[in-house]
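# Notes for the structure review
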Amino acid sequence: MPDGGAWLLAEYGADTEAQADKLVEHARSLVTAPGVPKVVEDARHQADIWEVRRSTIEYTRIPGEHAGLAGWEDAGLPPDRLGDYIRDYCALVTRHGYHTVLFGHFGQGCMHNRLDLKLDTAQDIANFSRFLDEAGDLVVSYGGSLSGEHGDGQLRANQLVKMFGPEIVGAFAEFRAIFDPEGRMNPGKVVHPYPPESHLRRGTDLQLRPVSTHFSFPEDRGGFFDAVNRCFGIGKCRHTSGGTMCPSFMVTREEQHSTRGRARLLMEMMSGHRDDVDTKKGWRDEHVKDALDLCLACKGCKGDCPVNVDMAAYKSEFLSHYYAGRLRPRAAYAMGLIPIWARLACHAPGLVNSTLSAPVLGALAKRLAGVDTRRAVPTFAARTFRSWFAEHQPRTDGTPVLLWPDTFTNYFTPEVGIAAVEVLEATGFAVRIPDRVLCCGRPLYDYGMLPTAKRWLLAILEELREPIRAGIPLVGLEPSCLAVFRDELTNLLPHDLDAHRLAKQSVSLAELLTRAGYRPHRLERQALVQRHCHQGAVIGSDADAALMADMGLRVKQPDSGCCGMAGSFGYESGERYEVSIACGERVILPAVRAAEQHTIVLADGFSCRGQIEQGTDRQALHLAEVLALARRRGPNGPPIGAPERYCRATPPRSDRLLTALSAATALGGLATVGGLVTAWQWLSSGCRSLNQHPTRCSPNADCTCFASVHCVRNAASATCAETLN
């Protein structure tokens, strides 16, 4: 856009290009200082400019700064009188203490605008009523219409008599009575109107529910209420294709499963009237809980919504209070605490894998864990990434970088971490990882386990304080975990400067490599890319696109939105599983099935790769694996077959002693089921402190107790300590 505070877009066409150019040049000559004319002929740039106009209404709301309300939305004037009307209208807005954003179809004399209305006190409402009345008089004085496009609604219906006179308005009432004698159809509009100040969402009887939250919602001055009140009903979430927001609505088509519907329920939960606030509801409101149950926490709304509604954060906050002092569903302990179970399972991965894939014991274990029996459980790697790195001879002469070994990379797909180390070291980086086993707690957010998530983040800051303050970048391979450092970290710890430092230093592999000027090896193949939802909402993918273009990949990235797995969501039994599959079948799974065998299927998210693997006959690769594949195989890549065959090892069975497989399966099944039942009974008993049963660990080794986050050491011994919420 050219310099300025307002823009008028004029589109010219003619029978020939020369005629159109002549019209444009004449229009340009009419623009004098301080105006700045700009002619845009390129089709792509024209589309960008019209997108700015199309999206105007969505961006008039600035949380904490501009309410963006449609108080006087739709006046229509004779086009030749529009300029004078706008000047008078802006003066009227200023007199009443408001600010307006103007937009619309000026060529047709229709002027839309959004206002930052104040409606909290009796004086505010009286001022608003006077404003409406004076605005109506102004429009009529110019021979205009109270509504040029969208209708009069409740706000302007009482002023129709100014335009039509009492006789015609009376005829409106008589005509309506023929079809609706009892006045039941959309009452209060056009005839027998409600007063415009009635039925306000805000008003003098509004009572906000006082709450204390785990998240600080720093971008919303009024905390949780202002956060959920970001939504102003534009309804961009109510669509069935394109974008990420809102995957559950795309499947169910129910308003309560849209971002807007959930936001409305949360607003109602947070507000009410002084005489009828139900103290039994609030955080325990079952209507809100039901609406949030099918939210995939994909954060698509944070990226797609014009005002960045973050329903994933609101859901996590709500669940933390809903389950306070209560037992959570079994899936919360089985999958929300997956870092704990994975750490136990890594001591006998083959045994656990065989057990969980066994027909009877596997199905029983899934039911106990709340996992749908139609889902395959992710396979534990034979060796963790941390174990491999401990024996790896790291490069020591390069630029230091900290690689984050997230739970999924460490225990399930260590080949992703190994490929990342290979590429980083070849680029000139000296890679290191945290000395202790840590977890960002991403699965905890899905179940509202925010106190535990906060403690785990504090443990990370304590452990990484030195590299954080040294400015060493932290590379995240799993987008959802990287999003924790870029988003949830500072939301939970808004006053911790190290948290803000880490948020700024946390980067994706592609971001680090592009900043370092890395030139990837060529790999001239087709690539089908599924972008992780959190990457789109929080991180961005421009660096990834640049790397893939430099590699020579011919990228196809379908507008598939959320794959449907969404962390633990797609593993849970019942309706969540059904919604998960329906989300995947919308776009990405059919696209993968239709892809040619030599096409690289690329997905950085562990969940995305899991959904693709379980819904097709292909395995998706991480960008790190694709970069490493190009280094190893050259521009032509693998000679035959699916590229993932050259990156992924066969999942291990028990310990490959075929003669003992049956016994191992049975033993592992009993151990797994017993462990789950024991944990469930332990949690049911109300035990919350793991210090009741400290486990010893050697002074020089990682703590290996049940939910270890740190060791309390002294000269004689070391014990594990952690409190689980």
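Here, the structure is the one placed above.
As a convention, each chain's residues are numbered from 1 in the sequence order in which they are written. Local features in this predicted model are restricted to residues of pLDDT 70 or higher, and side-chain atom pairs are both shown and tallied only at a pLDDT of 80 or more, whereas totals for entire chains, interfaces and linings draw on every residue. Side-chain measures were taken over the full set of non-hydrogen atoms in the model, leaving aside hydrogen atoms and water.

This part takes up the state of the cysteines. We call a pair of cysteine sulfur atoms a disulfide when they lie within 2.5 Å. Under the criterion given, the structure shown has zero disulfides. Here Cys439 is not disulfide-linked; the sulfur of Cys440 is the nearest cysteine sulfur, at 5.0 Å. Whether a residue is buried, partly exposed or exposed follows from its accessible area with a 1.4 Å probe, protein chains only, as a fraction of its type maximum: under 20%, in between, or over 50%, in that order. Of the residues examined, Cys439 reaches a relative accessible area of 11% and is grouped as buried.

This part is about the pattern of salt bridges. The rule for a salt bridge is simple: a side-chain nitrogen of Lys or Arg has to be within 4 Å of a carboxyl oxygen of Asp or Glu. Inspection of the entire model under this criterion finds 36 salt bridges. Notably, a salt bridge pairs Asp487 with Lys299, separated by 2.9 Å at the nearest N-O pair. Of this pair, Asp487 sits in helix H23 (residues 479-492) while Lys299 is found in the loop between helix H10 (286-292) and helix H11 (300-304), placing the two residues 188 residues apart along the sequence. We note that Asp487, like Lys299, is buried. One network of salt bridges, with partners in common, ties together Lys299, Lys302, Asp310, Arg442, Asp487 and Glu488. Elements are defined by DSSP. Helices are runs of H or I of four residues or more, strands are runs of E of two residues or more, and each kind is numbered from the N terminus.

What follows concerns the packing of helix H27 (residues 542-551) against helix H31 (residues 623-633). For the pair H27 and H31, the least separation of the axes is 12 Å and the interaxial angle reads 20°. As summarised for this structure, H27 and H31 are arranged roughly parallel, according to the angle between their axes. Seen from above, H27 lies across H31 with left-handed handedness. Contacts from Asp544, Leu547, Met548 and Met551 of H27 reach H31 at Leu623, Val626, Leu627 and Ala630. Each residue gets one label: Ala, Val, Leu, Ile, Met, Phe, Trp, Tyr, Cys and Pro are nonpolar, Asp, Glu, Lys and Arg are charged, and the others, such as Gly, are polar. The residue inventory of the contact of H27 with H31, partitioned by class, reads seven nonpolar, no polar and one charged. The axes used here are C-alpha line fits, helices contributing only the stretch in contact, and every angle between their N-to-C directions lies in the interval 0 to 180 degrees. Small angles under 35 degrees read as roughly parallel and large ones over 145 as roughly antiparallel, with 65 to 115 read as roughly perpendicular and the rest as oblique. By the definition used in this description, the sense in which the near helix is turned from the far one sets the handedness, with an anticlockwise turn below a right angle giving left-handed and a clockwise turn giving right-handed. Residues count as neighbours in contact if any of their non-hydrogen atoms are within 4.5 Å of one another.

Attention now goes to the sheet that holds strand E3 (residues 110-115). Taken in spatial order, the three strands line up as E1-E3-E2 in an open sheet, and their pairing is antiparallel. Strand pairing shows two members of the sheet lacking a second neighbour, strand E1 (74-76) and strand E2 (100-105), which therefore form its edges. The average undirected angle you get between the axes of adjacent strands in this sheet is 25°. Looking at chain direction, E2 and E3 are connected through six bridges and run antiparallel. Considered in E3, the bridge of Val101 is made with Arg114. Each of E1, E2 and E3 touches helix H3 (residues 82-95); the most contacted strand, E3, lies at about 15° to it. One requirement defines pairing of two strands: DSSP has to find at least two bridges between them.

The geometry of helix H15 (residues 349-357) relative to helix H16 (residues 359-369) is characterised by a closest axis approach of 5 Å and an angle of 90° between their N-to-C directions. Viewed along their axes, H15 and H16 adopt a mutual orientation that is roughly perpendicular. In this structure, H15 contributes Thr355, Leu356 and Ser357 to the contact, and H16 contributes Pro359, Leu361, Gly362, Ala365 and Lys366.

Two orientations exist for strands paired in a sheet by backbone hydrogen bonds: parallel and antiparallel. In space, the three strands of this open sheet follow the order E9-E8-E10, with parallel pairing throughout. If you trace the sheet from one side to the other, it starts and ends with strand E9 (554-556) and strand E10 (600-602), each paired once. In this sheet, adjacent strand axes meet at a mean angle of 25° when their direction is disregarded. When strand E8 (residues 526-529) meets E9, the two strands line up parallel, connected through three bridges.

Turning our eyes to something else, we now look at the packing of aromatic side chains. Pairing of aromatic rings covers Phe, Tyr and Trp, the last counted by its six-membered ring, and requires centre-to-centre distances within 6.5 Å; plane angles under 30 degrees mean stacked, over 60 mean edge-to-face, and any other angle means tilted. Across all of its chains, the model carries 22 aromatic pairs by this definition. Aromatic pair Tyr85 and Tyr89: ring centres 5.8 Å apart, planes at 20°, arrangement stacked. Of this pair, Tyr85 and Tyr89 both sit in helix H3, four residues apart, which is roughly one turn of that helix. Residue classification places Tyr85 among the buried residues on the basis of a relative accessible area of 0%.

For the rest of this paragraph, the subject is unusual backbone geometry. The omega torsion of the bond from Ala33 to Pro34 falls at 10°, within 30 degrees of zero and hence cis. Among the structural elements, Pro34 can be located in the loop between helix H1 (17-30) and helix H2 (43-54). The peptide bond linking Met245 to Cys246 adopts the cis configuration, its omega dihedral lying at -10°. Tracing the backbone through its elements, the reader meets Cys246 in the loop between helix H7 (224-228) and helix H8 (247-252). In this structure, Arg253 is a non-glycine residue whose phi angle is positive, near 60°. Examined against the element boundaries, Arg253 turns out to sit in the loop between H8 and helix H9 (259-270).

As a further point, take a nonpolar patch on the surface. On the surface, Met1, Trp7, Leu9, Trp50 and Val52 cluster together into a nonpolar patch covering about 460 Å² of accessible area. By the element assignment, Trp7 lies in the segment before H1. A residue is classified by how much of its surface remains accessible, and Trp7, at 41% relative accessible area, is partly exposed. Patches were defined on residues exceeding 30% relative accessible area and lacking a salt bridge, with like-charge contacts within 9 Å and nonpolar side-chain contacts (Val, Leu, Ile, Met, Phe, Trp, Tyr) within 5 Å. All accessible areas in this document rest on Shrake-Rupley with a 1.4 Å probe, and a residue is counted as covered only by the protein chains that are shown.

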